[in-house]
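Here is how the chains run, residue by residue.
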Amino acid sequence: DVKVTQSSRYLVKRTGEKVFLECVQDMDHENMFWYRQDPGLGLRLIYFSYDVKMKEKGDIPEGYSVSREKKERFSLILESASTNQTSMYLCASSPSLGLAGDNEQFFGPGTRLTVL
Amino acid sequence: AQSVTQPDIHITVSEGASLELRCNYSYGATPYLFWYVQSPGQGLQLLLKYFSGDTLVQGIKGFEAEFKRSQSSFNLRKPSVHWSDAAEYFCAVAITGGGNKLTFGTGTQLKVEL
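Here the structure is a predicted model, which is why all the values come from computation and not from measurement.

**A short note on the interface of chain A and chain B**
Next up, step 1: Counting from both sides, the interface comprises 26 residues of chain A and, opposite them, 24 residues of chain B.
Next up, step 2: Counting the surface lost from both chain A and chain B, the interface buries some 1,900 Å², and carbon and sulfur atoms represent 52% of this.
Next up, step 3: Remark: the boundary between chain A and chain B carries zero salt bridges.
Next up, step 4: Taken together, the connections running from chain A to chain B amount to three residue pairs in polar contact (both at pLDDT 80 or more).
Next up, step 5: Broken down by secondary-structure element, the contributors of at least two residues to the side of chain A that touches chain B are strand 4 (31–38), strand 5 (42–49) and strand 9 (87–94) of chain A.
Next up, step 6: Taken together, the residues that form the side of chain A that touches chain B break down as 13 nonpolar, 10 polar and three charged.

Have a look at this one:
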């Protein structure tokens, strides 16, 4: 079974802190994604990566950065956390097989981040 | 840009009743379409997907969905709902040549009355 793990289920940080959210997948997937999930807004893509050291902005990248130094690990960084970044953060991975676009994304359990 | 609309924010059904969750997409060509389910406190799990062929797609847990190009819809159905189906359901679309990037709808929260 594909497994995507996230370093914390719950995290509480203070405004202005630098926050690292870690995601690890064990299926040698090329693609990795970070989303935030908010009530009434669904999932919104923050950043994604197609390969090691490669990153692309998603729909809401402001206030975030990412790092992918190893294929299995994709980190989301909040340089200076703010209260409006309180949210559920979901990591996902997918293979690059066959037709582009039809590959399932596998999700981690999420990290609920509260910024005080 | 592609978009996905799930017009029902909340739906309540009785256990054993049939279910239909609506999903409409906006995209010029044939998209790749997905339904995911999120149980409380969990990540998302794929129920089913459509990218070509038969427009009626069977998924896990007894769910099915039908792609209707003329209506730009991909509605999710289940003939008899179980209490364990209570969850949030997300429709998503991926576009040709867009890699594996998904655009999600805002979700439908399903409540099942016993």
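**Concerning the pairing of strand 5 of chain A**
Residue and element names in this part refer to chain A.
Next up, step 1: With seven of eight residues buried, strand 5 lies mostly within the body of the structure.
Next up, step 2: Bridge count between strand 4 and strand 5: seven bridges; the pairing is antiparallel. Residue Y35 lies in a different strand from strand 5, and its bridge partner there is L45.
Next up, step 3: Where strand 4 hands over to strand 5, the hairpin turn is made up of three residues, of which G40 adopts a positive phi near 80 degrees.
Next up, step 4: Strand direction decides the pairing type here: strand 5 and strand 6 (residues 56–57), joined by two bridges, are antiparallel. Among the inter-strand pairings, F48 is bridged to a residue of strand 6, identified as E56.
Next up, step 5: Where strand 5 folds back on strand 6, the antiparallel hairpin that results is connected by six residues, among which K53 adopts a positive phi of roughly 65 degrees.

**Concerning the side chain of H29(A)**
Next up, step 1: Summarising the element assignment, H29(A) is placed in the loop between strand 3 (19–25) and strand 4.
Next up, step 2: A distance of 3.5 Å separates the side chain of H29(A) from the backbone nitrogen of S94(A), its partner in a polar contact.

**Focus on the side chain of Q38(B)**
Next up, step 1: Inspection of the secondary structure puts Q38(B) in strand 5 (residues 32–38).
Next up, step 2: Taking relative accessible area as the criterion, Q38(B) reaches 9% and is therefore assigned buried.
Next up, step 3: Among the polar contacts made by the side chain of Q38(B), one reaches the main-chain carbonyl oxygen of Q42(B) at a distance of 3.0 Å.
Next up, step 4: If we skip the residues at most four places from it in the chain, Q38(B) touches Q37(A), L90(A), G43(B), L44(B), A87(B), E88(B) and F90(B).

**Digging into the pattern of salt bridges**
All names here are of chain A.
Next up, step 1: Per the stated rule, a full pass over the model turns up 11 salt bridges over all chains.
Next up, step 2: R44 is the salt-bridge partner of D38, the closest N and O atoms lying 2.8 Å from each other.
Next up, step 3: For R44, a relative accessible area of 26% corresponds to the partly exposed category.
Next up, step 4: Within this structure, D28, E30 and K71 form a network of salt bridges that share partners.

**Remarks on the environment of S93(A)**
All names here are of chain A.
Next up, step 1: Its place among the elements puts S93 in strand 9.
Next up, step 2: Sequence separation between S93 and R9 is 84 residues, and the spatial gap between their C-alpha atoms is 18 Å.
Next up, step 3: Other than its neighbours up to four places away in sequence, S93 contacts V4, Q25, H29, N31, M32, F33, E104, Q105 and F106.
Next up, step 4: A polar contact of 2.8 Å, which involves the side chain of S93, links it to the side chain of H29.

**Quick look at the pairing of strand 3 of chain A**
Residue and element names in this part refer to chain A.
Next up, step 1: Every second residue of strand 3 is oriented toward a common face, the buried set being V19, L21, C23 and Q25 and the non-buried set F20, E22 and V24.
Next up, step 2: Note that strand 1 (residues 4–6) and strand 3 share three bridges and pair antiparallel. Across the sheet, Q6 pairs through a bridge with C23, a residue of strand 3.
Next up, step 3: Pairing of strand 3 with strand 8 (residues 73–78) involves six bridges; the strand directions are antiparallel. From the neighbouring strand, C23 faces strand 8, where its bridge partner is F74.

The rules we used
- Sequence order as written defines the numbering, with residues in each chain counted from 1.
- Labels follow written order: the first chain is A, the first ligand is 1, and so on.
- Predicted model: local features are reported for residues with pLDDT of at least 70 only, side-chain atom pairs are reported and counted for 80 or more only, and whole-chain, interface and lining totals are derived from all residues.
- Excluded from the side-chain calculations are hydrogens and water; all other atoms, namely the structure's heavy atoms, are used.
- Two residues qualify as a contact provided that any one of their heavy atoms is within 4.5 Å of a heavy atom in the partner residue.
- By buried area we mean how much accessible surface two parts lose on assembly, using a 1.4 Å probe and totalling the loss over both.
- For salt bridges, the criterion is a side-chain nitrogen of Lys or Arg within 4 Å of an Asp or Glu carboxyl oxygen.
- In protein, a polar contact requires one atom able to donate a hydrogen and another able to accept it; more generally it is a pair of N or O atoms within 3.5 Å, and residues adjacent in sequence count only if both atoms are side-chain atoms.
- Numbering of helices and strands starts at the N terminus; helices are DSSP runs of H or I of at least 4 residues and strands are runs of E of at least 2.
- We call Asp, Glu, Lys and Arg charged. Ala, Val, Leu, Ile, Met, Phe, Trp, Tyr, Cys and Pro are nonpolar, and the rest, Gly among them, are polar.
- To sort residues, take the accessible area from a 1.4 Å probe on protein chains only and compare it with the maximum for the residue type: under 20% means buried, over 50% means exposed, and anything in between is partly exposed.
- We treat two strands as partners when DSSP finds at least two bridges between them.

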